[in-house]
Amino acid sequence: MAAAAPPPPPAPTPSPPTGLPESDCTPVGHPLFTRIRLATPTDVPHIHKLINQMAVFERLTDMCVATESSLSSTLFNSLPFQSFTVFLLEVSPSPLQKLTFPNFTSIEQIVQLDYPITDPESETFRSGSDDVVVAGFVLFFPNYSSFLAKPGFYIEDLFVRECYRRKGMGKMLLSAVAGQAVKMGYGRVEWVVLDWNVNAIKFYEEMGAKILPEWRICRLTGESLEAYRDAI
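Below, the discussion takes up the pairing of strand β7 (residues 150-160). Counting buried positions over the eleven residues of β7 gives eight, a clear majority of the element. Examined bridge by bridge, strand β6 (residues 133-145) and β7 share ten bridges and lie antiparallel to one another. For F140, the partnering residue across the bridge sits in β7 and is I155. Here two bridges tie β7 to strand β8 (residues 189-190), and the two strands are oriented parallel to one another.

Below is the structure:
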């Protein structure tokens, strides 16, 4: 009597879903080329969309009344770093050209990914050439510390679109502002963070930022501000 055939090998345990694109082969790495550059007036449509996405993320859509027209009329009236300044973060699967602006040269970096990023809004945020996409921005302006007797930068907004988060891009934007502050001899960079955004708080602390829980923001806006129209 012939020997019985050996039992078939056990089926491999299925892997849990990762949310990453499916592939028939083991990924060998996917470089993503990034560039931080100064925004220009032609970038206002992208800046406006990013601000609206940030308002949704921060649960503050009721406070967001900015329009492309109002941004265009206020953002680009001074030279970079003398008033309101915007850095845009662009990404591409292809190498990006270095760009030179007044007092600033673009910053390029390569992010090595295990899988390519699927960007459902790539057409909406396309920037210039076919494969360059806006991934985030930071808006900042000068302030002054009387204690240090030095100017500094205040970051009003820092935002990275959802599909590009957790890849070091927020750190790139923050580092670009801090590096510019050092270059100009400024004394500090500061910003605020929502108290429920624990991931952001941890990230800022890891970058060396000191969180000041004893400080509170005081704000006059809307009708409360208009009440002072005849004060002077």
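Bringing the packing of aromatic side chains into the picture now. In total, this model carries 13 aromatic pairs according to the counting rule given. Taking 5.5 Å as the distance between ring centres and 45 degrees as the angle between the ring planes, the aromatic pair formed by F141 and Y154 counts as tilted. Of this pair, F141 sits in strand β6 while Y154 sits in strand β7, placing them 13 residues apart in sequence. Of the residues examined, F141 reaches a relative accessible area of 22% and is grouped as partly exposed. The rings of F81, F87, F104, F140, F153 and Y186 are connected pair by pair, giving a single aromatic cluster. Above the face of the F125 ring, K49 is positioned so that its terminal group lies 5.7 Å from the ring centre. The positively charged end of R59 is found above the aromatic ring belonging to W196, 4.0 Å away from the centroid.

A word on the packing of helix α1 (residues 44-57) against helix α2 (residues 68-75). Two packed helices can be described by the angle between their axes and the distance between those axes. Between α1 and α2, the least distance of the axes is 9 Å, while the angle of their chain directions is 115 degrees. Relative to α2, α1 is oriented roughly perpendicular. Classified by chirality, the crossing of α2 by α1 is right-handed. Across the interface between the two elements, V44, P45, I47, H48 and I51 of α1 pack against E68, L71, S72 and L75 of α2. Taken together, the residues of the contact of α1 with α2 sort by class into six nonpolar, two polar and one charged.

This paragraph deals with the environment of S106. In this structure, S106 sits in the loop between β4 (104-105) and β5 (107-113). Note on S106: relative accessible area 3%, which makes it buried. Considered as a pair, S106 and R37 are 69 residues apart in the sequence and their alpha carbons are 4.7 Å apart. Those residues in contact with S106 that sit more than four places away from it in its chain are R35, I36, R37, Q97, K98 and L99. At a separation of 2.4 Å, a polar atom in the side chain of S106 contacts the side chain of E108.

Moving on, we come to the sheet that holds strand β1 (residues 30-38). On the basis of which strands lie adjacent, the open sheet formed by six strands has the order β5-β1-β2-β6-β7-β8 and mixed pairing. Across the chains shown, the open sheet's two edge strands, defined by having one partner strand only, are β5 and β8. Of the strands in this sheet, β1, β2 (85-92), β5, β6, β7 and β8 are in contact with helix α3 (residues 169-183), which crosses β7 at around 165 degrees.

Rules of the game
- Residues numbered from 1 in each chain as written.
- Predicted model: local features only at pLDDT ≥ 70, side-chain atom pairs only at ≥ 80, totals over all residues.
- Heavy atoms only, no water.
- Buried < 20%, exposed > 50% of the residue type's maximum accessible area, 1.4 Å probe, protein only.
- Helix = DSSP H or I, 4+ residues; strand = E, 2+ residues; numbered from the N terminus.
- Pairing = 2+ DSSP bridges.
- Phe/Tyr/Trp six-rings, centres within 6.5 Å; stacked < 30°, edge-to-face > 60°.
- Lys NZ or Arg CZ within 6 Å of the ring centre and 35° of its normal.
- Axes fitted to C-alpha atoms, helices over the stretch in contact; angles between N-to-C directions.
- Parallel < 35°, antiparallel > 145°, perpendicular 65-115°, else oblique.
- Left-handed = near helix turned anticlockwise from the far one by under 90°.
- Contact = heavy atoms within 4.5 Å.
- Nonpolar A, V, L, I, M, F, W, Y, C, P; charged D, E, K, R; others polar.
- Polar contact = N/O pair within 3.5 Å; in protein donor to acceptor, adjacent residues only side chain to side chain.

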